[in-house]
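# Descriptive analysis of the structure
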Amino acid sequence: MSMTREPLLLVEKLRKHFTLHLQGGLVLGVLDDVDLAVAPGECVVLAGPSGAGKSTLMRCLYANYKPQSGSIRVHHRGGFVDMANAAPHDVLAVRRETMGYVSQFRRVIPRVPAREIVAEPLRAVGVPGPEALARAEAMLARLNIPPRLWGLPPATFSGGEQQRVNLARCFVMAYPVLLLDEPTAALDAANRRIVLTLIDEAKRRGSAIVGIFHDEEVRDAAATRTFTVRPQTVSDTTAA
Amino acid sequence: MSAAEPILSVRGLSRRFGAIAAVREVSFDLWPGEVMGVVGESGSGKTTLLHLVSGSLRPDAGTVLFRDRQGAMQDIQAMSEPARRMLARTDWGIVHQNPRDGLRMNVSAGANVGERLMAVGARHYGNIRGAAEDWLARVEMDLGRIDDLPRTFSGGMQQRLQIARTLVTHPRLVFMDEPTGGLDVSVQARLLDLIRNLVAVLGLSAIIVTHDLAVTRLLAHRLMVMQRGQVVETGLTDQVLDDPQHPYTQLLVSSVLAA
Amino acid sequence: MDTLPARPATDPGYNFGYLDEQTKRMIRRALLKAVAIPGYQVPFGSREMPLPYGWGTGGIQITASIIGPADTLKVIDQGADDTTNAVSIRRFFARVAGVATTERTAVATIIQTRHRIPERPLSAGQILVYQVPQPEPLRQLEPREAEARKMHALADYGLMHVKLYEDIARFGRIATSYNYPVMVNGRYLMAPSPIPAFDNPKMHRMAALQLFGAGREKRIYAVPPHTEVQSLDFDDHPFKVWRADRCCDLCGAPDSYLDEVVTDDKGGRMFVCSDTDHCAERRGAGHRGPLAGHALQEIAEGKS
């Protein structure tokens, strides 16, 4: 393990709260001054009770949520991009080339076949069509998606199958930074082991990983260390 | 993909209609290959903004700069009328909500696609016909209908034809005004797939005006939310939809069923 | 040999040429501008004439503005000198200008025409005046006048090829057979008036001055002598003149534009030169067609 190397992901003084304007400006504080550094080869598992803001932090890291202040610097193309403040097209470039994300929520693109969904990130970085498809199919096969499903849109798949298509779409790329939010929630033991192998390969490749795993067995196998997210008190102050 | 310089640069664009400020102080950059959605309810100024940016309406203030194929930034208002027309039929494409605004209803489907080529000087019938067939196939239209008039087509087919007609000259920037408005849901879904694919394959930059957030989730990289002529929020599409900041955006997002 | 036709006396109740002098000046100014910008449609203050729109009011006003006492006027309608319209206009100018009239292309100084160009090549010094129903070639495709004008201003004529494209798509060839659009002097798109496409090549570098008048639409345009006039086409479908594959039944001309004439109620028909003067001239020179001596010829000659 190369723990001494420069971190690939560096979170400093991250603050995030939600202002619910439709509920009279109710403010929900979630994250307060979060500092986190993730080095290559590390898998940092987020810990803390339900509602502590683990998923919110994850979504902030992917720029899906917009923090109020602080920075989320990601090593990208030899420099650092601050996901909390970068322009959309820079964030998209980071997502395309550097940062992969598997969510517990599956949002499938309607009417697009599984193999195309998995091949899409490869194509987006310029991998030629046939090669992208071949690599996509290999990853689907690795995740035990039967070939008869490759040409079908995942909307009709079971929860576990959809989850594995999502995983294939992420792991088909060798992202330097990986965000895994409950990636094994809907999987049986055999498939969980496959995912653990993929995570292990990513660590050895030098990826920096942040994960949320409810399953203790998976958590213990994947984690190089744990980061506790402190729960915030729900504020009932009204925003100006 | 993420080129170092924007293809379109808009600064301080404003336009009044009498007492109403239809568009107020709008600025943004659009990057090559980027699709931007402009959302807001009817009357929020999004369509007026599209007209201002595409040069069909003059702003009271502000500038629109477009990067031409040579890499120079052209001020749209300062361009001569012929140059702007040439731009509108080569580098730019406009897909109207109502196909009647974008098609010639009294000439055949093939001629509708071929017109833009003829307008820029194509004078070989066989080549024009070939390009028309190619584009009708790319928008998944039946080639047997190439000589039929658009008014004999369904709404979805008219919209496909309009897209083929627009893309035949390989524009670099496409403006779409509610491209799936007025179509029933299943037709809308197939058209969205088609647009999504074409935009990705051709690497188009596009501005899509719509009130349908689901459309932007599928097509747009980022969003600009407009209310009463002003931009109230901008950001990545998923960020704006999943974590809306402005009260108006929160209202928009909460008003739709699972966008 | 030819003797010059008798010169009738002018009706003293009218100004020379019917129009007042101010109107003539206005029209001449429009004509000068039209000649200076070949193919460009010049608006003019078209006057009420003593015949309905569609009967050649534009052509008549041009003729009235350029005619002088020494001119010899020929008027044809679809190539014929003896149709009602042609006869009336000829008679009109004989009465209001006292000018000599003729049916002979060769001796006319002004030829007013509806829908044909004479077969005999025109020479320098002659003026051909066209009656034009619709001067705007873009009208069918672009009904908005302002937009059509802008297209002319910018020489933005791709749309015109759309019509030719439609012809080829539907009929396998450019089927437009009359009022076939032309580019004048490489700049302006022009409607040649409803002459057959057969006549289009005659406009190209014609030695005579060509003037076009649209009375109802209030437009005048012109093609000066020896000006380039090109019919629009495609590289792989070049402009081609189509003509009935036969000769004139009366004079035997193999290359003139023919009219099909139904001769009885049993399906009998014959093809004759549409240019009556040309046909008569050939017959006078001894040419004979397959049906020479037909009853129709007797009638035609009895009248002429």
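Structural data are supplied above this passage.
Residues numbered from 1 in each chain as written. Chains lettered and ligands numbered in written order. Predicted model: local features only at pLDDT ≥ 70, side-chain atom pairs only at ≥ 80, totals over all residues. Heavy atoms only, no water.

### Notes on the overall build of chain A
Of the regular secondary structure elements, chain A holds seven helices and nine strands. In terms of overall size, chain A behaves like a compact globule, its C-alpha atoms giving a radius of gyration of 18 Å where 240 residues would be expected to give roughly 18 Å. Principal axes of the C-alpha set define a box for chain A whose edges measure 55 × 45 × 40 Å. Put simply, chain A has 240 residues, and 51% of those count as buried. Restricting the contact set of chain A to residue pairs at least 6 apart, pairs at least 24 apart contribute 70%. Here chain A has roughly 10600 Å² of accessible surface; of this, 52% comes from carbon and sulfur atoms. (Helix = DSSP H or I, 4+ residues; strand = E, 2+ residues; numbered from the N terminus. Rg over C-alpha atoms; globule rule 2.2 N^0.38 Å. Buried < 20%, exposed > 50% of the residue type's maximum accessible area, 1.4 Å probe, protein only. Contact = heavy atoms within 4.5 Å. Areas by Shrake-Rupley, 256 points an atom, 1.4 Å probe, with all protein chains shown as cover.)

### Digging into the overall build of chain B
Helices and strands together make up the secondary structure of chain B, namely ten helices and ten strands. Radius of gyration (C-alpha) of chain B: 18 Å, near the 18 Å computed for a compact globule of 259 residues. With the principal axes as the frame, chain B shows a C-alpha extent of 55 × 45 × 40 Å. Taken across its 259 residues, chain B has 58% of its residues classed as buried. Counting only carbon and sulfur atoms, one obtains 51% of the accessible surface of chain B, whose full area is about 10200 Å². In chain B, the 27 positive side-chain charges and the 27 negative ones have mean positions that sit 6 Å from each other. (Lys, Arg positive; Asp, Glu negative; His and termini not counted. Charge placed at Lys NZ, Arg CZ, Asp CG, Glu CD.)

### What about the packing of aromatic side chains?
All chains considered together, the criterion is met by 14 aromatic pairs over all chains. Ring centres 6.0 Å apart and planes at 65° place the aromatic pair B:Tyr125 and C:Phe234 in the edge-to-face group. In this pair, B:Tyr125 is assigned in helix H5 (residues 125–138) and C:Phe234 in the loop between strand S10 (229–231) and strand S11 (258–262), connecting two distinct chains. Consider the rings of C:Tyr130 and C:Phe212, whose centres lie 4.0 Å apart with planes at 10°: the pair is stacked. You can see C:Tyr130 sitting in strand S5 (residues 127–131) and its partner C:Phe212 sitting in strand S8 (residues 209–214), a full 82 residues away along the chain. Side by side, C:Tyr130 and C:Phe212 carry an identical accessibility label, which is buried. An aromatic cluster is defined as three or more aromatic residues linked by ring pairs; in this entry it consists of C:Tyr14, C:Tyr18, C:Phe92 and C:Phe93. Taking the ring centre of A:Phe18 as reference, the NZ or CZ of A:Lys16 above it sits at 4.5 Å. The ring centre of C:Tyr188 lies 4.2 Å from the NZ or CZ of C:Arg187, which sits over that ring. (Phe/Tyr/Trp six-rings, centres within 6.5 Å; stacked < 30°, edge-to-face > 60°. Lys NZ or Arg CZ within 6 Å of the ring centre and 35° of its normal.)

### Focus: the interface of chain C and chain B
Contact with chain C, which involves 22 residues of that partner, is made by 22 residues of chain B. Across the interface of chain C and chain B, roughly 1900 Å² is buried in total on both sides, 57% from carbon and sulfur atoms. Where chain C packs against chain B, one counts five salt bridges. Measuring nitrogen to oxygen at the nearest pair gives 2.7 Å for the salt bridge that ties B:Arg89 to C:Asp156. Of all elements in the fold, only helix H4 (145–153) and helix H5 (158–171) of chain C reach the threshold of two or more residues within the side of chain C that touches chain B. Among the elements that take part in the side of chain C that touches chain B, H5(C) stands out by supplying nine residues, more than any other. (Buried area = accessible area lost by both parts, 1.4 Å probe. Salt bridge = Lys/Arg side-chain N within 4 Å of Asp/Glu carboxyl O.)

### What about the interface of chain A and chain B?
Facing 27 residues of chain A, the contacting portion of chain B comprises 24 residues. Counting each side, the surface lost to burial between chain A and chain B is near 2200 Å², with a carbon and sulfur contribution of 51%. In terms of surface lost to chain B, no three residues of chain A exceed A:Leu22, A:His89 and A:Arg111, which account for 25% of the buried area on that side. Taken together, chain A and chain B are joined by four salt bridges. Between B:Asp193 and A:Arg111 there is a salt bridge, with the nearest N and O atoms lying 2.7 Å from each other. Seen at the junction of chain A and chain B, the total is 13 residue pairs in polar contact (both at pLDDT 80 or more). Ranked by the residues each element gives to the side of chain A that touches chain B, the list is headed by helix H2 (residues 88–97) of chain A, at seven residues. (Polar contact = N/O pair within 3.5 Å; in protein donor to acceptor, adjacent residues only side chain to side chain.)

### A word on the pattern of salt bridges
Per the stated rule, a full pass over the model turns up 53 salt bridges over all chains. Here C:Arg149 makes a salt bridge to C:Glu145, at a shortest N to O gap of 3.0 Å. Of this pair, C:Arg149 and C:Glu145 are both found in helix H4, four residues apart, which corresponds to roughly one turn of the helix. The exposure class of C:Glu145 is partly exposed, given its relative accessible area of 27%. Ionic contacts of the salt-bridge type, sharing partners, join the residues B:Glu81, B:Arg84, B:Arg85, B:Arg89, C:Glu147, C:Lys150 and C:Asp156 into one network.

### Side note on the packing of helix H4 (residues 109–119) of chain B against H5(C)
Remark: H4(B) packs on H5(C), axes separated minimally by 8 Å, with the N-to-C direction vectors making an angle of 140°. With respect to each other, H4(B) and H5(C) are oriented oblique. Judged by the sense of rotation from one axis to the other, the crossing of H4(B) with H5(C) is right-handed. Every residue of H5(C) that contacts H4(B) at B:Gly110, B:Ala111, B:Glu115, B:Met118 and B:Ala119 is listed here: C:Gly158, C:Leu159, C:His161, C:Val162, C:Tyr165 and C:Glu166. (Axes fitted to C-alpha atoms, helices over the stretch in contact; angles between N-to-C directions. Parallel < 35°, antiparallel > 145°, perpendicular 65-115°, else oblique. Left-handed = near helix turned anticlockwise from the far one by under 90°.)

### Some remarks on H5(B)
All names here are of chain B. Along its 14 residues, H5 runs 20 Å from first to last C-alpha, staying within 8% of the 20 Å computed at 1.5 Å per residue. Taken together, the buried positions of H5 are Tyr 125, Ile 128, Arg 129, Ala 132, Trp 135 and Leu 136. Looking down the long axis of H5, one finds its buried residues gathered within 130° of arc, a one-sided arrangement. Directly beyond the C-terminal end of H5, a positive phi value near 60° is found at Glu 140. (Expected span 1.5 Å × (residues − 1). Arc of directions from axis to C-beta.)

### Digging into the sheet that holds strand S4 (residues 69–76) of chain A
Residue and element names in this part refer to chain A. Spatially, S2-S1-S4-S5 is the arrangement adopted by the four strands of the open sheet, whose pairing is antiparallel. With partners counted over all chains shown, the strands left at the sheet margins are strand S2 (26–38) and strand S5 (79–82), one partner each. The average undirected angle you get between the axes of adjacent strands in this sheet is 30°. Judged from the nine bridges that link them, strand S1 (residues 9–20) and S2 form a sheet pairing that is antiparallel. (Pairing = 2+ DSSP bridges.)

### What about the packing of helix H6 (residues 155–167) of chain B against helix H7 (residues 185–202) of chain B?
Residue and element names in this part refer to chain B. It is at 10 Å that the axes of H6 and H7 come closest, and there the two elements cross at 10°. As far as their axial angle goes, H7 and H6 are roughly parallel. Regarding H6 and H7, the two cross each other, and that crossing is right-handed. Side by side, H6 and H7 meet where Gly 156, Gln 159, Arg 160, Ile 163 and Leu 167 of the first sit next to Val 187, Arg 190, Leu 191, Leu 194, Ile 195, Leu 198 and Leu 202 of the second. Taken together, the residues that form the contact of H6 with H7 break down as eight nonpolar, two polar and two charged. (Nonpolar A, V, L, I, M, F, W, Y, C, P; charged D, E, K, R; others polar.)

### Examining the environment of B:Phe153
Residue and element names in this part refer to chain B. Within the secondary structure, Phe 153 sits in the loop between H5 and H6. For Phe 153, a relative accessible area of 7% gives the class buried. Expressed as a C-alpha distance, the spacing of Phe 153 and Phe 17, which sit 136 residues apart in the sequence, is 36 Å. Beyond its immediate sequence surroundings of up to four residues, Phe 153 is in contact with Ala 109, Met 141, Arg 145, Asp 148, Gln 158 and Leu 161.

By themselves, these observations are geometric and do not establish any function.
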